[in-house]
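Below are the chains, spelled out letter by letter.
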Amino acid sequence: MKDKINKILELVKHNKFNDAKSICDSIKNNLEQNFEFINIHGYVLFRLGNYEEAIKLWKKVINIKPDYAFAFNNLGNVYSKLNNFDESLKYFTEALNLKPNYFEASYGISNVYLKKNNHHDALFFLNKSLKLKPNIPILIKSKLELLRLMDKKKEALSFLDEMINYNPNDAYLYNEKALILSQLNKQVESINSYKSAYLIDPDYPYVLGNIV
C-alpha cells in the first residue's frame, strides 16, 4: 500500500492527475481512516476540478484529525477558488491558528482579501507570509503587484532594496526597481538598475532596449 501512495505522489509531482486518481480509486476502500491518504486524494480531485468531492474528503480528514492544518488550508483554497470568501477565510484562519508559521495559509488569506478588493488586509497577511518566507518568488511578485495596485511606489522601492539584499543576483528585482524609478522620473538611477539586471542576465526580456 505504501508503494501505491508513493506512486500517487510521484504522479502528482508530474501533474498526472488522472493516473493518480485511478490509483486512489483502487485503494481508497482500504484506507478509509488514513487521513494523509484522504488528504492527497482530495488534492488530486481538486486539481481535476472536482471541487465538491474534494471538499467532502477534506472535511472527512478534519473529522478524523481535527488538528491537521493542511486539510484546513486545502479547504481554504477550494472555497477561495469557488469565490466563497467567508468559508475560505474561516478555514485559512483555522489552519493559521493550528500552525502559526504556515505561510501558505496567510498567503491564502491575502489572496482572498485581494479578491474582495481589501488591499489593506491583503497587504497585512502578505507581509506576514514574507516574514516567514522572505525568499519565495511568488510572495515577492504578489507584494509588488499589490503595491502597484495601491500606487505605493516608494514603499515598493524600499521593499525591492530589502529583497535585493536577500537575492543580489535576481535580475527580476533590479528590473522592477528600474521600472519604478523611471516612473518617478529618476532616470539615471533607473538606467543603473537596468544595467544591473543586464549584467546578471543579458537575455532578460527588453532590458537592453530599456537601457537604450
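Residues numbered from 1 in each chain as written. Predicted model: local features only at pLDDT ≥ 70, side-chain atom pairs only at ≥ 80, totals over all residues. Heavy atoms only, no water.

## Brief notes about the pattern of salt bridges
Stated precisely, the cut-off is as follows: The salt bridge definition used is simple: a Lys or Arg side-chain nitrogen within 4 Å of an Asp or Glu carboxyl oxygen. Note on exposure labels: buried denotes an accessible area under 20% of the residue type's maximum, exposed denotes more than 50%, and partly exposed covers the range between, all computed with a 1.4 Å probe on protein chains only. Only DSSP runs of H or I covering at least 4 residues are called helices, and only runs of E covering at least 2 are called strands; the numbering of each starts at the N terminus.
A complete count under the given rule lists 8 salt bridges for this structure. Measuring nitrogen to oxygen at the nearest pair gives 3.2 Å for the salt bridge that ties lysine 65 to aspartate 67. Aspartate 67 gets classed as partly exposed once you look at its relative accessible area, which sits at 46%. When the shortest N-O distance is used, the salt bridge between lysine 177 and aspartate 161 registers 2.8 Å. Residue lysine 177 is located in helix H11 (residues 171–183), and its partner aspartate 161 is located in helix H10 (residues 153–166); the two are separated by 16 residues in the primary sequence. Judged by its relative accessible area of 22%, lysine 177 is partly exposed. Accessibility expressed as a relative area gives 35% for aspartate 161, which makes it partly exposed. Via salt bridges that share partners, Lys21, Asp25 and Lys28 belong to a single interconnected network.

## Here's the deal with unusual backbone geometry
Residue asparagine 117 is not a glycine yet carries a positive backbone phi of 60°. In this fold, asparagine 117 is placed in the loop between helix H7 (103–115) and helix H8 (119–132). With a relative accessible area of 61%, asparagine 117 lands in the exposed category. Positive phi is not limited to glycine here, since asparagine 185 has a value of about 60°. For asparagine 185, the location among the structural elements is in the loop between H11 and helix H12 (187–200).

## Quick word on the packing of aromatic side chains
Threshold: When the centres of two rings from Phe, Tyr and Trp lie within 6.5 Å, Trp using its six-membered ring, the rings pair. Their planes under 30 degrees apart give stacked, over 60 give edge-to-face, and anything left gives tilted.
Within this structure, the stated rule accounts for 11 aromatic pairs. Ring centres of tyrosine 79 and tyrosine 91 lie 5.7 Å apart, and the angle between their planes is 5°; on these two criteria the pair is classed as stacked. Here tyrosine 91 lies in helix H6 (residues 85–98) and tyrosine 79 lies in helix H5 (residues 69–81), a separation of 12 residues in the sequence. When sorted by exposure, tyrosine 79 lands in the same class as tyrosine 91, which is buried. Consider the rings of tyrosine 113 and phenylalanine 125, whose centres lie 6.0 Å apart with planes at 20°: the pair is stacked. Taken as a pair, tyrosine 113 in helix H7 and phenylalanine 125 in helix H8 lie far apart in primary sequence, 12 residues in all.

## Some words on the side chain of asparagine 73
For the record, the criterion: In protein, a polar contact requires one atom able to donate a hydrogen and another able to accept it; more generally it is a pair of N or O atoms within 3.5 Å, and residues adjacent in sequence count only if both atoms are side-chain atoms.
Structurally, asparagine 73 is set in helix H5. For asparagine 73, the side chain forms a polar contact with the main-chain nitrogen of alanine 105, separated by 3.5 Å.

## Focus: H7
So the rule is basically this: Here a helix's expected span is defined as the number of its residues, less one, multiplied by 1.5 Å. Contact between two residues is taken to exist if any of their heavy atoms lie within 4.5 Å; hydrogens are not considered.
Relative to the 18 Å expected for 13 residues at 1.5 Å per residue, H7 spans 18 Å between its end C-alpha atoms, a close match to the ideal helical length. Residues of H7 that are buried: Phe103, Ala105, Ser106, Tyr107, Gly108, Ile109, Ser110, Val112 and Tyr113. Residues of H7 that are buried make contact with H5, H6, H8 and helix H9 (137–149). In the segment just after H7, asparagine 117 is the residue with positive phi, at about 60°.

Structural measurements only, silent on function.
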